[in-house]
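Survey of secondary and tertiary structure
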Amino acid sequence: MITGIVVALPEELTTLTSKKIDKGSCLFIADKLLVAYSGAGPVNAGSAAELLVAEGATRLISWGCAGALSTSLKSGDLILPDKLIDAGKVEMFANANWLDYTKNSLANYVTVHSGSLAESISIVSSSKDKKQVHSLTGAVALDMESMAIARVARQNSLPFLVIRAIVDPVNMDLPLAISYSLNDRGEVELGKLLLFLFLHPTELPGLIKLGLNFSAAKKTLKSIAKHLDKVTNFSGDRGNLA
(Lines give C-alpha, C1' and ligand atoms only; values in the text may rest on other atoms or scores of the structure.)
Protein backbone atom coordinates (compact mmCIF):
# COMPACT_ATOMS: atom_id res chain seq x y z
CA MET A 1 0.00 0.00 0.00
CA ILE A 2 1.50 3.34 -1.10
CA THR A 3 0.83 6.40 1.06
CA GLY A 4 0.77 9.70 -0.83
CA ILE A 5 1.43 12.93 1.08
CA VAL A 6 0.63 16.40 -0.27
CA VAL A 7 2.74 19.28 1.06
CA ALA A 8 1.99 22.86 0.01
CA LEU A 9 5.05 24.87 1.08
CA PRO A 10 8.80 24.23 0.82
CA GLU A 11 9.20 24.92 4.54
CA GLU A 12 6.65 22.20 5.28
CA LEU A 13 8.43 19.85 2.89
CA THR A 14 11.66 20.15 4.88
CA THR A 15 9.89 18.67 7.91
CA LEU A 16 9.49 15.43 5.94
CA THR A 17 12.63 15.11 3.84
CA SER A 18 15.87 16.76 2.75
CA LYS A 19 15.30 15.51 -0.80
CA LYS A 20 14.60 18.11 -3.47
CA ILE A 21 11.16 17.89 -5.05
CA ASP A 22 10.12 20.34 -7.75
CA LYS A 23 6.79 22.05 -7.32
CA GLY A 24 4.10 20.08 -9.06
CA SER A 25 6.16 16.89 -8.84
CA CYS A 26 6.34 13.90 -6.50
CA LEU A 27 9.09 11.62 -5.25
CA PHE A 28 9.40 8.51 -3.10
CA ILE A 29 11.15 9.51 0.14
CA ALA A 30 10.89 5.99 1.56
CA ASP A 31 9.54 2.62 0.57
CA LYS A 32 5.79 3.00 -0.06
CA LEU A 33 5.90 6.72 0.89
CA LEU A 34 5.35 9.17 -1.97
CA VAL A 35 5.44 12.95 -1.40
CA ALA A 36 4.12 15.66 -3.72
CA TYR A 37 5.09 19.33 -3.36
CA SER A 38 2.00 21.15 -4.56
CA GLY A 39 2.37 24.84 -3.89
CA ALA A 40 -0.25 26.73 -1.91
CA GLY A 41 -3.99 26.71 -2.45
CA PRO A 42 -6.75 24.24 -3.26
CA VAL A 43 -6.14 24.07 -7.02
CA ASN A 44 -2.48 23.15 -6.59
CA ALA A 45 -3.31 20.69 -3.81
CA GLY A 46 -5.97 18.96 -5.86
CA SER A 47 -3.62 18.59 -8.83
CA ALA A 48 -0.91 17.16 -6.56
CA ALA A 49 -3.34 14.65 -5.08
CA GLU A 50 -4.39 13.53 -8.55
CA LEU A 51 -0.72 13.10 -9.46
CA LEU A 52 -0.15 10.90 -6.41
CA VAL A 53 -3.11 8.72 -7.31
CA ALA A 54 -1.84 8.41 -10.90
CA GLU A 55 1.55 7.33 -9.52
CA GLY A 56 -0.03 4.56 -7.47
CA ALA A 57 -0.95 6.09 -4.10
CA THR A 58 -3.69 4.08 -2.40
CA ARG A 59 -4.31 6.53 0.45
CA LEU A 60 -3.66 10.25 0.93
CA ILE A 61 -2.40 12.53 3.70
CA SER A 62 -2.62 16.32 3.84
CA TRP A 63 0.51 17.45 5.70
CA GLY A 64 1.55 20.90 6.89
CA CYS A 65 0.37 23.90 8.86
CA ALA A 66 -3.01 25.37 9.76
CA GLY A 67 -4.50 28.41 11.44
CA ALA A 68 -6.47 28.14 14.68
CA LEU A 69 -10.13 29.09 14.89
CA SER A 70 -10.54 28.02 18.52
CA THR A 71 -8.88 29.49 21.60
CA SER A 72 -8.16 25.92 22.71
CA LEU A 73 -5.37 25.68 20.11
CA LYS A 74 -1.99 27.40 20.28
CA SER A 75 1.04 27.57 18.02
CA GLY A 76 2.73 24.20 17.65
CA ASP A 77 -0.35 22.14 18.58
CA LEU A 78 -1.02 19.06 16.46
CA ILE A 79 -4.49 18.57 15.02
CA LEU A 80 -5.87 15.44 13.39
CA PRO A 81 -9.33 16.54 12.19
CA ASP A 82 -12.13 14.02 11.97
CA LYS A 83 -14.29 16.22 9.73
CA LEU A 84 -13.67 18.77 6.97
CA ILE A 85 -16.06 21.57 5.99
CA ASP A 86 -15.91 23.59 2.78
CA ALA A 87 -17.22 27.09 2.08
CA GLY A 88 -20.65 25.69 1.19
CA LYS A 89 -20.72 23.75 4.47
CA VAL A 90 -20.33 20.44 2.65
CA GLU A 91 -18.81 17.93 5.07
CA MET A 92 -16.39 15.07 4.53
CA PHE A 93 -14.94 12.71 7.11
CA ALA A 94 -11.48 11.26 7.48
CA ASN A 95 -11.24 7.46 7.54
CA ALA A 96 -12.30 6.65 11.11
CA ASN A 97 -10.19 3.53 11.61
CA TRP A 98 -7.01 5.10 10.25
CA LEU A 99 -7.64 8.26 12.26
CA ASP A 100 -8.16 6.37 15.53
CA TYR A 101 -5.07 4.27 14.87
CA THR A 102 -2.99 7.39 14.18
CA LYS A 103 -4.24 9.21 17.27
CA ASN A 104 -3.34 6.24 19.46
CA SER A 105 0.04 5.83 17.77
CA LEU A 106 1.06 9.47 18.20
CA ALA A 107 -0.45 10.08 21.64
CA ASN A 108 2.73 8.74 23.26
CA TYR A 109 4.78 11.53 21.70
CA VAL A 110 2.53 14.60 21.52
CA THR A 111 -0.88 15.86 22.58
CA VAL A 112 -3.29 15.20 19.74
CA HIS A 113 -6.17 17.61 19.16
CA SER A 114 -9.22 16.80 17.07
CA GLY A 115 -12.32 18.56 15.76
CA SER A 116 -13.40 19.98 12.42
CA LEU A 117 -11.18 21.68 9.85
CA ALA A 118 -12.61 24.42 7.63
CA GLU A 119 -11.56 25.08 4.05
CA SER A 120 -10.29 28.52 3.09
CA ILE A 121 -9.76 29.45 -0.55
CA SER A 122 -7.55 32.38 0.49
CA ILE A 123 -5.59 33.40 3.58
CA VAL A 124 -7.79 34.40 6.51
CA SER A 125 -5.58 36.99 8.13
CA SER A 126 -7.61 38.82 10.79
CA SER A 127 -8.68 37.50 14.16
CA LYS A 128 -12.16 38.86 13.50
CA ASP A 129 -12.50 36.86 10.28
CA LYS A 130 -11.16 33.70 11.93
CA LYS A 131 -13.73 33.99 14.70
CA GLN A 132 -16.45 34.48 12.09
CA VAL A 133 -15.44 31.27 10.29
CA HIS A 134 -15.51 29.46 13.64
CA SER A 135 -18.99 30.83 14.34
CA LEU A 136 -20.30 29.76 10.91
CA THR A 137 -18.73 26.30 10.78
CA GLY A 138 -17.87 25.24 14.33
CA ALA A 139 -14.43 24.28 13.01
CA VAL A 140 -11.42 24.58 15.31
CA ALA A 141 -8.85 25.22 12.56
CA LEU A 142 -8.58 25.98 8.85
CA ASP A 143 -6.26 25.53 5.91
CA MET A 144 -6.35 25.98 2.13
CA GLU A 145 -5.46 22.52 0.85
CA SER A 146 -6.95 19.65 2.85
CA MET A 147 -10.48 19.76 1.47
CA ALA A 148 -9.21 19.70 -2.13
CA ILE A 149 -7.14 16.60 -1.32
CA ALA A 150 -10.14 15.04 0.40
CA ARG A 151 -12.23 15.51 -2.75
CA VAL A 152 -9.66 13.62 -4.81
CA ALA A 153 -9.57 10.88 -2.19
CA ARG A 154 -13.36 10.53 -2.27
CA GLN A 155 -13.46 10.50 -6.08
CA ASN A 156 -11.02 7.59 -6.04
CA SER A 157 -12.51 5.81 -2.98
CA LEU A 158 -9.27 6.18 -1.02
CA PRO A 159 -8.70 6.67 2.73
CA PHE A 160 -7.68 10.17 3.71
CA LEU A 161 -6.03 11.78 6.73
CA VAL A 162 -5.04 15.31 7.77
CA ILE A 163 -1.91 15.93 9.86
CA ARG A 164 -1.49 19.62 10.59
CA ALA A 165 0.32 21.81 13.12
CA ILE A 166 -1.06 25.18 14.22
CA VAL A 167 0.84 28.36 13.28
CA ASP A 168 -1.32 31.38 14.13
CA PRO A 169 -3.67 31.31 17.14
CA VAL A 170 -7.19 32.64 16.64
CA ASN A 171 -6.49 35.94 18.44
CA MET A 172 -3.51 36.78 16.20
CA ASP A 173 -3.87 39.06 13.19
CA LEU A 174 -1.47 38.06 10.44
CA PRO A 175 0.88 40.88 9.37
CA LEU A 176 -0.42 42.87 6.40
CA ALA A 177 2.94 42.27 4.75
CA ILE A 178 1.97 38.63 4.15
CA SER A 179 -1.15 39.42 2.13
CA TYR A 180 0.64 42.18 0.24
CA SER A 181 3.54 39.98 -0.79
CA LEU A 182 1.51 36.96 -1.94
CA ASN A 183 1.38 36.28 -5.66
CA ASP A 184 -1.48 34.61 -7.52
CA ARG A 185 0.07 31.20 -6.79
CA GLY A 186 -0.16 31.72 -3.03
CA GLU A 187 3.59 32.24 -2.62
CA VAL A 188 5.33 35.03 -0.73
CA GLU A 189 7.51 37.14 -3.03
CA LEU A 190 10.55 38.29 -1.08
CA GLY A 191 10.93 41.52 -3.05
CA LYS A 192 7.37 42.60 -2.29
CA LEU A 193 7.80 41.60 1.35
CA LEU A 194 10.97 43.66 1.78
CA LEU A 195 9.43 46.66 0.03
CA PHE A 196 6.38 46.53 2.30
CA LEU A 197 8.62 46.33 5.36
CA PHE A 198 10.66 49.31 4.14
CA LEU A 199 7.48 51.34 3.75
CA HIS A 200 5.83 49.96 6.93
CA PRO A 201 8.59 49.15 9.46
CA THR A 202 6.03 48.69 12.25
CA GLU A 203 5.10 45.40 10.57
CA LEU A 204 8.41 43.82 11.57
CA PRO A 205 7.45 42.71 15.12
CA GLY A 206 4.39 40.91 13.76
CA LEU A 207 6.49 39.11 11.17
CA ILE A 208 8.99 38.05 13.82
CA LYS A 209 6.18 36.68 15.98
CA LEU A 210 4.73 34.84 12.99
CA GLY A 211 8.17 33.39 12.26
CA LEU A 212 8.45 32.08 15.82
CA ASN A 213 4.99 30.53 15.57
CA PHE A 214 5.90 28.93 12.26
CA SER A 215 9.04 27.49 13.84
CA ALA A 216 6.92 25.95 16.60
CA ALA A 217 4.65 24.33 14.02
CA LYS A 218 7.60 23.00 12.04
CA LYS A 219 9.14 21.57 15.21
CA THR A 220 5.94 19.61 15.86
CA LEU A 221 5.81 18.33 12.28
CA LYS A 222 9.45 17.25 12.40
CA SER A 223 8.76 15.39 15.63
CA ILE A 224 5.78 13.59 14.09
CA ALA A 225 7.75 12.80 10.92
CA LYS A 226 10.07 10.63 13.03
CA HIS A 227 7.08 8.40 13.79
CA LEU A 228 5.45 8.52 10.37
CA ASP A 229 6.20 4.84 9.88
CA LYS A 230 3.66 4.10 12.63
CA VAL A 231 1.02 6.07 10.73
CA THR A 232 1.75 4.44 7.38
CA ASN A 233 1.93 0.94 8.86
CA PHE A 234 -1.83 0.96 9.33
CA SER A 235 -3.29 -1.94 7.38
CA GLY A 236 -6.96 -1.75 8.23
CA ASP A 237 -9.88 -1.51 5.86
CA ARG A 238 -9.78 0.98 2.98
CA GLY A 239 -12.84 2.87 4.15
CA ASN A 240 -14.13 5.71 1.96
CA LEU A 241 -14.71 9.31 2.83
CA ALA A 242 -18.34 10.07 3.54
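Up top you'll find the structure we're talking about.
Keep in mind it's a predicted model, so treat the numbers as computed, not measured. (Residues numbered from 1 in each chain as written. Predicted model: local features only at pLDDT ≥ 70, side-chain atom pairs only at ≥ 80, totals over all residues. Heavy atoms only, no water.)

Remarks on the pattern of salt bridges
Side chains carrying opposite charge are able to pair once their charged atoms draw close together. Formally: When a carboxyl oxygen of Asp or Glu is within 4 Å of a side-chain nitrogen of Lys or Arg, the pair counts as a salt bridge. Only DSSP runs of H or I reaching four residues or more are called helices, and only runs of E reaching two or more are called strands; each is numbered from the N terminus. For the exposure calls, accessible area comes from a 1.4 Å probe over protein chains only, and a residue counts as buried if that area is under 20% of its type's maximum, exposed if over 50%, partly exposed in between.
This model, assessed by the stated rule, comprises 8 salt bridges. Residue Asp 168 is joined to Lys 130 by a salt bridge in which the shortest nitrogen-to-oxygen separation is 2.9 Å. Here Asp 168 is found in the loop between strand 11 (160–166) and helix 6 (176–181), whereas its partner Lys 130 is found in helix 4 (residues 127–137), with 38 residues between them in sequence. For Asp 168, a relative accessible area of 8% gives the class buried. For Lys 130, a relative accessible area of 0% corresponds to the buried category. A salt bridge links Glu 145 to Arg 164; its shortest N-O distance comes to 3.5 Å. Note that Glu 145 is positioned in the loop between strand 10 (141–143) and helix 5 (146–155) and Arg 164 in strand 11, a separation of 19 residues in sequence. Salt bridges sharing partners connect three or more residues here, namely Asp 86, Glu 119 and Arg 151.

A closer look at the side chain of Thr 102
For Thr 102, the position within the fold is in helix 3 (residues 96–106). Judged by relative accessible area, which is 0%, Thr 102 ranks as buried.

Points about the environment of Ser 179
Along the chain, the position of Ser 179 falls in helix 6. Counting along the chain gives 50 residues from Ser 179 to Asp 229, while the straight-line C-alpha distance between them is 36 Å.

What about the pairing of strand 1 (residues 3–7)?
Selection rule: One requirement defines pairing of two strands: DSSP has to find at least two bridges between them.
Burial within strand 1 is extensive, with 5 of its 5 residues counted as buried. Across 5 bridges, strand 1 lies against strand 3 (residues 33–37) in parallel orientation. Considered in strand 3, the bridge of Val 6 is made with Ala 36. Across 5 bridges, the pairing between strand 1 and strand 4 (residues 59–68) is parallel.

Fair warning: the whole summary comes from geometry, so function is off the table for now.
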